Amino acid sequence: MHFRFEPFIGIQLFFILATAAFHFGLMKAAAKSDRAFISYFMTATGLKLFLYLAVMVVFAVMFKEQAVGFILNFFILYLFYTAFEIALVYGKFSSMKKS
């Protein structure tokens, strides 16, 4: 059982693109209204969760010998990028409330 996943950069690129797309859409929704922001945030978060789960399952089925390493790396990056997204959104909206 291997815990290391060689093409780690591919997972990082996937998370960078997903985070950027989510953040862009979130900022557009926030510019419209509070209701649009909340709706977008809840919908996009749910869709991202299912997308991430689907990516892990498809990879695990297709490449059984590399599944453990991929899922561990994916989960670590998921935690990192989720914390990053929260920090971005919190920083953006806490500064908006002050002004």
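The numbers attached to residues start from 1 for each chain and follow its sequence in the written order. Totals for whole chains, interfaces and linings use every residue, but because this is a predicted model, local features are given only for residues with pLDDT of at least 70 and side-chain atom pairs only at 80 or more, for both listing and counting. With hydrogens and water set aside, each side-chain value is computed from the structure's full complement of heavy atoms.

1. Considerations on a nonpolar patch on the surface
Link 1 in the chain: There is a patch of nonpolar side chains on the surface, built from Phe-50, Leu-53, Val-57 and Val-61 and spanning about 410 Å² of accessible area.
Link 2 in the chain: Strands here are runs of E lasting at least two residues and helices are runs of H or I lasting at least four, both read from the DSSP assignment and numbered beginning at the N terminus. Note that Phe-50 resides in helix H2 (residues 34–62).
Link 3 in the chain: Only protein chains enter the accessibility calculation, which uses a 1.4 Å probe; a residue is then buried when its area is under 20% of its type maximum, exposed when over 50%, and partly exposed in between. The class of Phe-50 is exposed, set by a relative accessible area of 58%. Within this analysis, patches are made of residues with over 30% relative accessible area and no salt bridge. Like charges are joined at 9 Å or less; nonpolar side chains (Val, Leu, Ile, Met, Phe, Trp, Tyr) at 5 Å or less. Throughout, the Shrake-Rupley method with a 1.4 Å probe supplies accessible areas, and for residues the shown protein chains are the sole cover considered. Within this document, salt bridges are pairs made up of a side-chain nitrogen of Lys or Arg and a carboxyl oxygen of Asp or Glu, the two lying within 4 Å of each other.

2. Quick word on the packing of helix H1 (residues 8–32) against H2
Link 1 in the chain: Axes, fitted as lines to C-alpha atoms, cover a helix only where it is in contact. Angles between the N-to-C directions of the axes lie from 0 to 180 degrees. Look at H1 against H2: their axes get within 8 Å of each other, and the N-to-C directions meet at 165 degrees. The angle between H1 and H2 falls in the class roughly antiparallel. As for the relative orientation of H1 and H2, their crossing is right-handed in sense. For the pair formed by H1 and H2, the contact residues are Phe-14, Phe-15, Ala-18, Ala-21, Phe-22, Gly-25, Leu-26, Ala-29, Ala-30 and Lys-32 on the first element and Ala-36, Phe-37, Tyr-40, Phe-41, Ala-44, Thr-45, Lys-48, Leu-51, Tyr-52 and Val-55 on the second.
Link 2 in the chain: Residues are grouped as follows: nonpolar covers Ala, Val, Leu, Ile, Met, Phe, Trp, Tyr, Cys and Pro; charged covers Asp, Glu, Lys and Arg; every other residue, Gly included, is treated as polar. Considering only residue class, the contact of H1 with H2 consists of 16 nonpolar, two polar and two charged. We call two directions roughly parallel when the angle between them is under 35 degrees, roughly antiparallel when it is over 145, roughly perpendicular when it lies between 65 and 115, and oblique otherwise. Crossing handedness is read from the near helix: turned anticlockwise from the far helix by less than a right angle, it gives a left-handed crossing, and turned clockwise, a right-handed one. Residues count as neighbours in contact if any of their non-hydrogen atoms are within 4.5 Å of one another.

3. Notes on the pattern of salt bridges
Link 1 in the chain: Applying the stated criterion across every chain, the model contains one salt bridge.
Link 2 in the chain: Glu-85 is the salt-bridge partner of Lys-48, the closest N and O atoms lying 2.6 Å from each other. Linking Lys-48 in helix H2 with Glu-85 in helix H3 (residues 67–98), this pair joins segments that are 37 residues apart in sequence.
Link 3 in the chain: The class of Lys-48 is buried, set by a relative accessible area of 13%.

Read these as spatial facts, not as claims about activity.
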